[in-house]
Amino acid sequence: MHTDYIHIILADDDEDDILFFTDAFDELKINTKVNTFKDGEELMNYLNTDKAVMPEVLFLDLNMPKKTGLECLSEIKANDKMSGIAIAIYSTSASEEDIEKTFVLGANIYIKKPADFKNLKKVLSEVVSINWQYHTNSLNKDNFLLRV
Amino acid sequence: MKKKYLFESTSFLRSILLLSLFVILLIGGFTYKHIANLKDSTEVVVKTYKVNVELEHIISYLRDAESGYRNYIATKDTLYLRPYLNASEKVNSSFLKLKGLVKENSEQLENLKVLNILTDSLFSNFYKSNVFVKNDETNTEAFRSLYFKEKIIIDSIRRQSKTMFDLENKLLNVRQEDYQSDSQFTPLFFYSVLLVTLIFIIIAYNKISIDLKHIKVKNDQLLIFKEATNQSEIIGKHGNWIWHIESNMFAYSDNLYRLLGEEPQSFEATFDNFLKFVHPEDVEKFSKDLDKMITVEELPITNYRIIQRNGSIKYLKTYAKSFYSDNGQKRLIGNTSDVSYEIENILKLEEHNLKLERNNKELSAFNYAASHDLQEPLRKIQTFISRLEEKEGNKFSDSGRQYLDRIKSAATRMRLLIDDLLQFSRTNKPDKEFISSDLNTLFENAKQDMAEIILEKKAQITIDTLPKVTVIEFQIQQLFSNLLSNSLKYSQEETVPIIKINYSKVKADEEPDLIKATKSLYHKITFTDNGIGFDQKYTDQIFQLFSRLHNKKEYSGTGVGLSICKKIVDNHQGFIFAKGEINIGATFTIYLPVS
Amino acid sequence: MTPEESIALNDSLNDYGIEIVESQKGILVQKIKDVIIDMVFNEETNVNVKSSVYLSEKLGHSYGYLSNLFSEITYSSIENFIIIQKIEYSKQLLLNTDLNLTEIAFRLNYSSVAHLSTQFKNTTGITPSAFQRIIFKRRKIAQQKTN
């Protein structure tokens, strides 16, 4: 079954951030389908269903009610069905240490939410295009680490 | 020293006593010998007299016998023959007596033998002449020669007895002289010996009185010491005890009773009685420690609690050491002190520390939460501004645009502040991991963080080889970044920034800055730049949070960067100092302890 | 490229919504990529020739043509692709050999170690040493899990 769009999921409890995120993808020239979830639990419930479509990139906010981004990350990495998903941590702020910790736990991308909409678009398109490079050029995904 | 003195004194007195005893025995011996000598002398004198008397007797018997015999010759009356007949018997008994008296004197014995022969020949002469008298032949030549011979024998007897007599007298004289000299010497000898003894006794007395004085002084000192100990025990809240291991006898000092909340010496000092006071939870440990005391010579300090009769709990600390008496008996001498006050203070201090730590944690959590949570709404404001600008920008009036720009720059500044504040509060977080790290790598990373601005300003950075140090890696990298960033930010316009990083290992006591150092060796890293510098009077202010030396229009900065540096160095038990000269440059010196 | 990989590539490119026609253009782009990958990963061909010169010589087209074609099809530049490949190769060397960054920079024809680490940082957002540290930590955790 062919889909002619890039499948992206965002789990974030902040409505404004969801709005920025979807707006940014709307304005980008990339054909994407963005699914959003309000918290970690909702996300995991979806991913665990049989008919769930695994996204190309999963954007995870760290501070979410019910299940935090880190908890989701650990669950996904422990699950063979999901472990291939590229995980992008999508957070307001982070120290060097926190970033390293999430990378070590298996995250591929760490995005500090930009404070500028143009920047946001730039960052998201960069993420998608580098992910695409890994996807199409048979690069070693284990070595995929990106911080923007 | 004192012990030695006493020992010498004792042996001195002992020798005096021995000497005195010897002298008295000597006197006794001499006295006995003198009295024996005296007795001997008297006996000799008496014997001499007896010999003389017996000799006189013999002479007189013979004289009686002779004169009677002469009368018998003249008268022929046999009555006159009676003395003659008696004489032989009496002379014989005298001879026997004499023989007993002179038996120890060979010369006299010889003389006596001669006398005996003489008398025997006299009596045989009498007997022969008597035949002539009976036959009335007195006028014959034979009788006359016999008579004449008789006269000669008697003379010889007289001479012989005189010889014996003289000899005996001579002996007597010698004896008397001996006796006299003996009795003359004896009192002098006694007197001098007594005198010597007296001197000895006086010396001994003197010695004893000196010793007594010493002992008295020592006794006095001992009393003072005892009282001082008592007082110090009361003030210092400790008591001592002695445990005679062999006899299992205990002795407690007065204050030990007081520590237990009891009157001094109010109960028998035994192990079991003491154990009654020990806190039930500590009894096992305490007993175990005490058992160890017997096997091990020295008891490690043992801590335990006791419960006084009034119910109050005290913390005691005991230390004991074995000690052998002169006769080899093992004793344990212990000191027990009441450390309740100290322990309560420690507990109080711990509690305060905990409180302080909690406060600190709360404060840094607050700081973190505040800066972290403020980021989110600020970011949204900024994003909305950017959206507004992009979408509706051309619909604003000139002043509207200006207001938007002002809002934007205020928000940017706020972001800067919040970011720095967050960074600052992060350096405050505990449970950081110290690992041995190559500072060169950390510096390289820091340089990479600054790569853009370094390129842009064409800064020249030279660095010595840095050591490996046990550090919190992220923080040290941050420290290097901040210092580099500081130097690059405050560089002089139109001058290529030159930053030199020097390293040396230094001794704390050779660095005038390190008066508060707790370690002896430090890594010293200096960052020297040729920037705008600063006035040396602000050297302390520079590390304070939010303190800025420059107008924010001229140089962007929040006044947090160097505070973070200070915090990081503090976290590593190090020191950081700043030196500046306006328009010449600044030098930051970091000292990190050598691990 | 194996047929399976080609199919996978096709599928994925389709997923990204890009019309793939088995056209001359597509094949050429793939050739460009192959040459670059060969150039980067096979150090022997990595001689002192500029990559633009090397590419146009190898493929028989002007560099300008190749560059435009590449951007048109892949939405990114040849230079960018080369950088990505170089960084990926340096990642492999960092993780699987005892070479240090200076040696890697030399092998990959970088003018200096600073140049490599700056490019590494710019491309991945993290420093080479941080990258190495993270992957080693991951491996350690994975090893602990299997034990």
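I will try to describe carefully the structure that is included in this document. (Residues numbered from 1 in each chain as written. Chains lettered and ligands numbered in written order. Predicted model: local features only at pLDDT ≥ 70, side-chain atom pairs only at ≥ 80, totals over all residues.)

1. Structural notes on the overall build of chain C
Put simply, the rule is: Strands are runs of DSSP state E lasting at least 2 residues, helices are runs of H or I lasting at least 4, and numbering of each runs from the N terminus. Residues with at least 20 other C-beta atoms within 10 Å of their own are called buried, those with 12 or fewer are called exposed, and the rest are partly exposed. The C-beta atoms themselves are positioned from the backbone. Distance between backbone-placed C-beta atoms decides contact: two residues are in contact if it is within 7 Å.
Across its full length, chain C holds eight helices and zero strands. Taken from the N to the C terminus, the helices and strands of chain C come in the order α-α-α-α-α-α-α-α. Relative to its full complement of 147 residues, chain C shows a buried share of 24%. Contacts spanning at least 24 positions in sequence make up 47% of the contacts within chain C whose residues lie at least 6 apart.

2. Remarks on unusual backbone geometry
Trans is the common state for peptide bonds, and a negative phi is the common state for residues other than glycine. Residue and element names in this part refer to chain B. Non-glycine residue N248 carries a positive phi angle of around 55 degrees. With respect to the secondary-structure elements, N248 resides in the loop between β1 (238–244) and β2 (249–252). Look at Q573: it is not a glycine, yet its phi comes out positive at around 55 degrees. The class of Q573 is partly exposed, set by 14 C-beta atoms lying within 10 Å.

3. A few points about the interface of chain B and chain A
Just so we agree on the cut-off: Asp, Glu, Lys and Arg are counted as charged, while Ala, Val, Leu, Ile, Met, Phe, Trp, Tyr, Cys and Pro are counted as nonpolar; the rest, among them Gly, fall into the polar class.
Of the residues lining the interface, 14 residues belong to chain B; the matching set on chain A comes to 12 residues. Elements with a minimum of two residues in the side of chain B that touches chain A: α8 (340–392) and α9 (398–428) of chain B. In terms of residue class, the side of chain B that touches chain A is built from two nonpolar, five polar and seven charged.

4. Points about the sheet that holds strand β2 (residues 32–37) of chain A
Two orientations exist for strands paired in a sheet by backbone hydrogen bonds: parallel and antiparallel. Residues and elements named next belong to chain A. The criterion, for reference: Two strands make a pair as long as DSSP finds a minimum of two bridges between them. Working convention: axes come from line fits to C-alpha atoms, limited for helices to the stretch in contact. Angles between N-to-C directions cover 0 to 180 degrees.
Spatial ordering of the open sheet is given by β2-β1-β3-β4-β5-β6, a layout of six strands whose pairing is parallel. The sheet is open, and its two edges are formed by β2 and β6 (146–147), each paired on a single side. Both strand β1 (residues 6–11) and β2 contribute to a ladder of six bridges, which runs parallel. When the sheet's bridge partners are listed, L10 is paired in β2 with T36. On the sheet, helix α1 (residues 15–27) packs against β1 and β2 and is oriented at approximately 175 degrees with respect to β2.

5. Structural notes on the nonpolar core
Stated formally: As used throughout, a nonpolar core is a set of buried Ala, Val, Leu, Ile, Met, Phe, Trp, Tyr and Cys residues joined through C-beta atoms within 7 Å of each other.
A:F59, A:L60, A:I87, A:A88, A:I89, A:I109 and A:V127 are the most contacted members of the largest nonpolar core, which has 66 residues in total. Those residues in contact with A:A88 that lie beyond four places of it in its chain are A:V57, A:L58, A:F59, A:L60, A:N108, A:I109, A:I111 and A:V127.

6. Notes on helix α4 (residues 63–74) of chain C
Residue and element names in this part refer to chain C. The test is simple: One fewer than the residue count of a helix, multiplied by 1.5 Å, yields its expected span. Arc definition: it is the arc formed by the directions from the helix axis to the C-beta atoms.
Look at α4: 16 Å from first C-alpha to last across 12 residues, which is about the 16 Å you get at 1.5 Å a residue. Taken together, the buried positions of α4 are L66, F70 and T74. Down the axis of α4, the buried side of the element spans an arc of 35 degrees, and every buried residue falls inside it. In α4, the exposed residues that point more than 90 degrees away from the buried face are G64, Y65 and E72. Taken together, the buried residues of α4 touch α2 (24–41), α3 (51–59) and α5 (78–96). Of the residues one or two after α4, Y75 is the one with positive phi, at around 60 degrees.

7. Points about the sheet that holds strand β9 (residues 498–507) of chain B
All names here are of chain B. Reading across from one edge, β7-β9-β10-β12-β11 is the order of the five strands in this open sheet, with mixed pairing throughout. The sheet is open, and its two borders are formed by β7 (460–463) and β11 (575–581), each paired with just one other strand. Ignoring which end each strand starts from, the neighbouring axes of this sheet average 15 degrees apart. Two elements, strand β10 (residues 521–529) and strand β12 (residues 585–593), share seven bridges in a ladder whose sense is antiparallel. Within β12, the residue paired with I525 across the bridge is I590. Taken strand by strand, helix α12 (residues 473–489) contacts β9, β10 and β12, and its axis lies near 25 degrees from that of β10.

8. A word on the pairing of strand β5 (residues 109–112) of chain A
Residues and elements named next belong to chain A. Basically, it comes down to this: The crossover handedness rule: strands pointing away from the viewer, path from first strand over the helix to second strand clockwise, crossover right-handed.
For strand β4 (residues 86–91) and β5, the ladder comprises four bridges, and the chain directions are parallel. Across the sheet, I89 pairs through a bridge with Y110, a residue of β5. A crossover connection joins β4 to the parallel β5 through helix α4 (residues 96–104); in handedness this β-α-β unit is right-handed.

9. A few points about the packing of α2(C) against α3(C)
Residue and element names in this part refer to chain C. Condition: For this classification, under 35 degrees means roughly parallel, over 145 means roughly antiparallel, 65 to 115 means roughly perpendicular, and everything else is oblique. Handedness of a crossing is defined here by the sense of rotation of the near helix relative to the far one, left-handed for an anticlockwise turn of less than a right angle and right-handed for a clockwise turn.
Across the interface, α2 lies against α3 with an axial gap of 11 Å and an inter-helix angle of 125 degrees. Judged by the angle between their axes, α2 and α3 are oblique. Both α2 and α3 take part in a crossing whose hand is right-handed. Across from K31, I32, V35 and M39 in α2, the residues of α3 making contact are S51, Y54, L55, K58 and L59. In terms of residue class, the contact of α2 with α3 is built from six nonpolar, one polar and two charged.

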